[in-house]
Amino acid sequence: MLNYIIWNVNPEIIAGFHVRWYGLFFGIGFFLSYWCLRKIFVNEKLTTNDADTLTFTTFFLLLIGLRLGHCLFYEPEVYLAPYLHPIITCADGTRHIDWSGMFRIFKVWEGGLASHGGAIGLVIAFLWFAKKSGKSFIWVMSRSAVVIPITAFFVRMGNLMNSEIYGVATNLPWGVIFVRDAMMQTNGADISTIMAQAGLVSADAVQTLQSFLSHCLPTTSVFSFESLWELLLKYQFLDENQLRPFVDACVNAGILAPNHPTQIYEALTYLITGGILIAYYQLRCKHDKPISSYVILAIAFLMIFATRFCFEFIKNNQVDFEKNMTLDMGQWLSVPFIVYGLFFVVVAIREKGKENPA
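Residues numbered from 1 in each chain as written. Predicted model: local features only at pLDDT ≥ 70, side-chain atom pairs only at ≥ 80, totals over all residues. Heavy atoms only, no water.

Chemist: So what's going on with the overall build of the chain? Residues and values would help.
Modeler: Counting its regular elements, the chain contains 14 helices and 6 strands. Referenced to the eigenvectors of the C-alpha coordinate spread, the extents of the chain come out at roughly 85 × 65 × 40 Å. Each of the 358 residues in the chain was classed as buried or not, and the buried ones make up 44%. Long-range pairs, those at least 24 residues apart, make up 71% of the contacts in the chain with a sequence separation of at least 6. Averaged over its 25 positive side-chain charges, the chain has a centre that lies 15 Å from the centre of its 26 negative ones. (Helix = DSSP H or I, 4+ residues; strand = E, 2+ residues; numbered from the N terminus. Buried < 20%, exposed > 50% of the residue type's maximum accessible area, 1.4 Å probe, protein only. Contact = heavy atoms within 4.5 Å. Lys, Arg positive; Asp, Glu negative; His and termini not counted. Charge placed at Lys NZ, Arg CZ, Asp CG, Glu CD.)

This is the structure we're talking about:
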């Protein structure tokens, strides 16, 4: 019977080359979205150049929105401080401009992207393209909404490969132990006892292991499971084949717990949303029926942001200030999009009523 999944995937495709699965998946998702958008544009009498223009603009503003969304919504005290207080005083009393802090906002490779910021970037791109092409903003946004879930699916799978943005502890059989990000609060003596009880170390080696861990583990007693695992491997207290029994022992002892794989929950939601939208679009085209932009937007906004709102209840906080919030930042940022989704539902119903008067 499946109790939980152990996830220990290296975020780098080839170790040491800094080419990550996240970047590859993002690129695949964006290309597939672009490919589908080209087909939609050609079908609706626009050119492939129009699709190229919108895609390039969207990519550029999406990245800006993703990054600024994280910096402004989640860690403004970190990223805005160098601009509000640009002069810093060094230990020797000299003063200079904090150029390093100012440029940190551009260091996307350090991590920190917020999907709600990306959504704002998309809206700006759609407004610009609508003005340029002569198409309505609603038309541009709705046709883009058909393909956006494809990229969103691959982005969340990239988060999975990074072992990030996962949920709280769970006893469900599909819970995941994220080896590369799991934290533990214990000490060397307890670890030694747990390993001895699990038969992972002989009785006469327990004292040696306990003494070794007491010198190597942080005095705060809070450390990453990965650092402990690598330490035990390096000094040959365990070998690679003992990861599963070691994890089992830690879980049974209550110092390690599986978590909700919320990246997969969200990825599946985006996949289902994209499937519904593409099916709706194709069926309407096949039967030569009008395509309602409001139906597309209602489905996209409600399925993406309403489910995101719900998933946030079982996700770990991304930043410390969320600990004291009834609703976290992701939920508050989802509310306007949910309201717009409900608005589009109302407009779609009224639009349908005009087509079929009583």
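Chemist: How would you sum up helix H1 (residues 21-43)? Please name residues and give values.
Modeler: Given a rise of 1.5 Å per residue, 23 residues ought to cover 33 Å, and the 33 Å separating the end C-alpha atoms of H1 matches this to within 8%. For H1, the complete set of buried residues consists of Tyr22, Phe25, Phe26, Gly29, Phe30, Ser33, Tyr34, Cys36, Leu37, Ile40 and Phe41. Looking at the buried positions of H1, the neighbouring elements they touch are helix H2 (48-73), helix H6 (115-133), helix H7 (137-161) and helix H12 (262-286). Remark: Lys45 follows H1 within two positions and exhibits a positive phi of approximately 70°. (Expected span 1.5 Å × (residues − 1).)

Chemist: Could you give an account of the pattern of salt bridges, naming the residues involved and the relevant values?
Modeler: Per the stated rule, a full pass over the model turns up 8 salt bridges. Between Arg244 and Asp248 there is a salt bridge, with its nearest N and O atoms 3.4 Å apart. Linking Arg244 with Asp248, this pair stays in helix H11 (residues 243-252), spanning 4 residues, or about one helical turn. Looking at Asp248, the relative accessible area reads 24%, which means it is partly exposed. (Salt bridge = Lys/Arg side-chain N within 4 Å of Asp/Glu carboxyl O.)

Chemist: So what's going on with the side chain of Arg143? Residues and values would help.
Modeler: Checked against the element boundaries, Arg143 lands in helix H7. At a separation of 3.0 Å, a polar atom in the side chain of Arg143 contacts the side chain of Ser142. Excluding residues within four positions of it along the chain, Arg143 makes contact with Leu37, Ile40, Glu44, Tyr281, Ile291, Ser293 and Ile296. (Polar contact = N/O pair within 3.5 Å; in protein donor to acceptor, adjacent residues only side chain to side chain.)

Chemist: Would you mind going over the packing of aromatic side chains in detail, with residue names and values included?
Modeler: For the structure on display, the rule yields 23 aromatic pairs. Ring geometry for Trp21 versus Phe25: centroids 5.9 Å apart, planes at 55°, classification tilted. Placement of both Trp21 and Phe25 in helix H1 is noted, with a separation of 4 residues, approximately one turn of the helix. Three or more aromatic residues joined by ring pairs form one cluster here, namely Tyr294, Phe301, Phe305, Phe337, Tyr340, Phe343 and Phe344. (Phe/Tyr/Trp six-rings, centres within 6.5 Å; stacked < 30°, edge-to-face > 60°.)

Chemist: A description of a nonpolar patch on the surface should follow, citing residues and the corresponding values.
Modeler: A cluster of nonpolar side chains, namely Ile13, Ile14, Phe17, Val19, Leu24, Ile28, Phe31, Leu32 and Trp35, defines an oily patch on the protein surface of about 830 Å² accessible area. Relative to the elements of secondary structure, Trp35 occurs in helix H1. (Patch = residues over 30% accessible without salt bridge, like charges linked within 9 Å, V, L, I, M, F, W, Y side chains within 5 Å. Areas by Shrake-Rupley, 256 points an atom, 1.4 Å probe, with all protein chains shown as cover.)

Chemist: Outline the packing of H12 against helix H13 (residues 293-311), supporting the account with residue identities and numerical values.
Modeler: Following both chains from N to C, one finds H12 and H13 inclined at 170°, their axes separated by 10 Å at the closest point. Judged by the inter-axis angle, H12 sits roughly antiparallel to H13. Facing Tyr265, Glu266, Thr269, Tyr270, Ile272, Thr273, Ile276, Leu277 and Tyr280 of H12, the residues of H13 in contact are Val295, Ile296, Ile299, Ala300, Met303, Ile304, Thr307, Arg308 and Phe311. Class assignment of the residues belonging to the contact of H12 with H13 gives a composition of 13 nonpolar, 3 polar and 2 charged. (Axes fitted to C-alpha atoms, helices over the stretch in contact; angles between N-to-C directions. Parallel < 35°, antiparallel > 145°, perpendicular 65-115°, else oblique. Nonpolar A, V, L, I, M, F, W, Y, C, P; charged D, E, K, R; others polar.)

Chemist: Residue-level account of the side chain of Thr262, with values.
Modeler: Tracing the backbone shows Thr262 in helix H12. Once you skip the residues sitting within four places of it in the chain, Thr262 turns out to touch Ile165, Tyr166, Gly167, Ile314 and Lys315.

Chemist: An account of unusual backbone geometry is needed here, citing residue identities and associated values.
Modeler: For Lys45, which is not glycine, the phi torsion reads 70° and is therefore positive. Topologically, Lys45 is positioned in the loop between H1 and H2. Backbone geometry places Ile165, a non-glycine residue, at a positive phi of 55°. One can find Ile165 in the loop between H7 and strand S4 (176-178).

Chemist: Let's hear about H7: which residues, and what values?
Modeler: Helix length check: H7 (25 residues) gives 35 Å between terminal C-alpha atoms against 36 Å at 1.5 Å per residue, within 8%. For H7, the principal kink sits at Val146 and spans about 40°; a proline, Pro149, occurs within the next four residues. Within H7, 22 of the 25 residues are buried, which leaves the element mostly enclosed by the surrounding structure. (Bend = angle between axes of the 7 residues up to and from the residue.)

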